[in-house]
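# Inside the fold
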Amino acid sequence: MQKVTMDAAQTQLSQLIEAALAGEEIVIAKGDKPVVRLVPIADEKFKFGVLAPGSLGDGPDFFAPMADDELAAWQARS
């Protein structure tokens, strides 16, 4: 763990960021009191949905022609 003062952090910010990206823990202190921990942001990709691809099976084919009985029911014919 690397502990630096606020004054040192202002002058060495780019080096401290590189150290944090390399996995080192950086603590910035105000006087003797630690006030901030510098850590990298996790690089996580956004994933839409929670189901595995194809887990719901094939969906209906909306462009396929309807059967005659279904078409008659849709058009309210008997």
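Up top is the structure.
Scope of this entry: the structure provided in the associated data block. (Residues numbered from 1 in each chain as written. Predicted model: local features only at pLDDT ≥ 70, side-chain atom pairs only at ≥ 80, totals over all residues. Heavy atoms only, no water.)

### Quick word on the sheet that holds strand β2 (residues 26-30)
Test applied: The pairing criterion is simple: DSSP has to find at least two bridges between the two strands. The helix and strand labels rest on DSSP assignments: H or I over at least four residues marks a helix, E over at least two residues marks a strand, and numbering proceeds from the N terminus. To get an axis, a line is fitted to the C-alpha atoms, and for a helix only the part in contact is used. The angle between two axes follows their N-to-C directions and goes from 0 to 180 degrees.
Read from one edge of the open sheet, three strands run β1-β2-β3, paired in mixed fashion. A single partner strand is all that each edge strand has here, and the edge strands are β1 (2-5) and β3 (33-38). Along the sheet, successive strands turn relative to each other by an average axial angle of 35°, direction set aside. Relative to β3, β2 is paired through five bridges, and the arrangement is antiparallel. Among the inter-strand pairings, I26 is bridged to a residue of β3, identified as L38.

### Here we look at the pattern of salt bridges
Let me state the cut-off plainly: Only one rule defines a salt bridge in this text: a Lys or Arg side-chain nitrogen within 4 Å of an Asp or Glu carboxyl oxygen.
Counted by the stated rule, this structure contains one salt bridge. For E25, the salt bridge is made with R37, and the minimal N-O distance between the two is 3.1 Å. Of this pair, E25 sits in the loop between α2 (13-21) and β2 while R37 is found in strand β3, placing the two residues twelve residues apart along the sequence.

### Section: a nonpolar patch on the surface
For clarity, the cut-off: Every patch collects residues that have over 30% relative accessible area and no salt bridge, joining them within 9 Å if they carry like charges and within 5 Å if they are nonpolar side chains (Val, Leu, Ile, Met, Phe, Trp, Tyr). Surface accessibility in these figures is a Shrake-Rupley result with a 1.4 Å probe; residues are shielded only by whichever protein chains are displayed. Exposure categories follow from relative accessible area, calculated using a 1.4 Å probe and restricted to protein chains: below 20% of the type maximum is buried, above 50% is exposed, and the middle band is partly exposed.
On the surface, M6, V35 and V36 cluster together into a nonpolar patch covering about 230 Å² of accessible area. On the secondary structure map, V35 appears in strand β3. For V35, a relative accessible area of 45% puts it in the partly exposed group.

### A word on the nonpolar core
A general feature of soluble globular proteins is that nonpolar side chains tend to end up buried together. Worth spelling out the cut-off: The criterion is simple. A nonpolar core is a set of buried Ala, Val, Leu, Ile, Met, Phe, Trp, Tyr and Cys residues joined through side-chain atoms within 4.5 Å. Only heavy atoms matter for contacts: two residues are in contact if any of them lie within 4.5 Å across the pair.
Listed in full, the seven residues of the largest apolar core are V4, A9, L16, A19, A20, I26 and I28. Mapped by element, the contributors of at least two residues to this core are α2 and β2. In terms of residue count, α2 provides more of this core than any other element does, three residues in total. Setting aside anything within four residues of it in sequence, one finds V4 in contact with A9, L16, V27, I28 and A29.

### Remarks on the environment of D32
Its location among the elements puts D32 in the loop between β2 and β3. Assessed through its relative accessible area of 72%, D32 is described here as exposed. Taking the C-alpha atoms as reference points, D32 and P65, 33 residues apart in sequence, are found 77 Å from one another.

The analysis is restricted to geometry; functional conclusions fall outside its scope.
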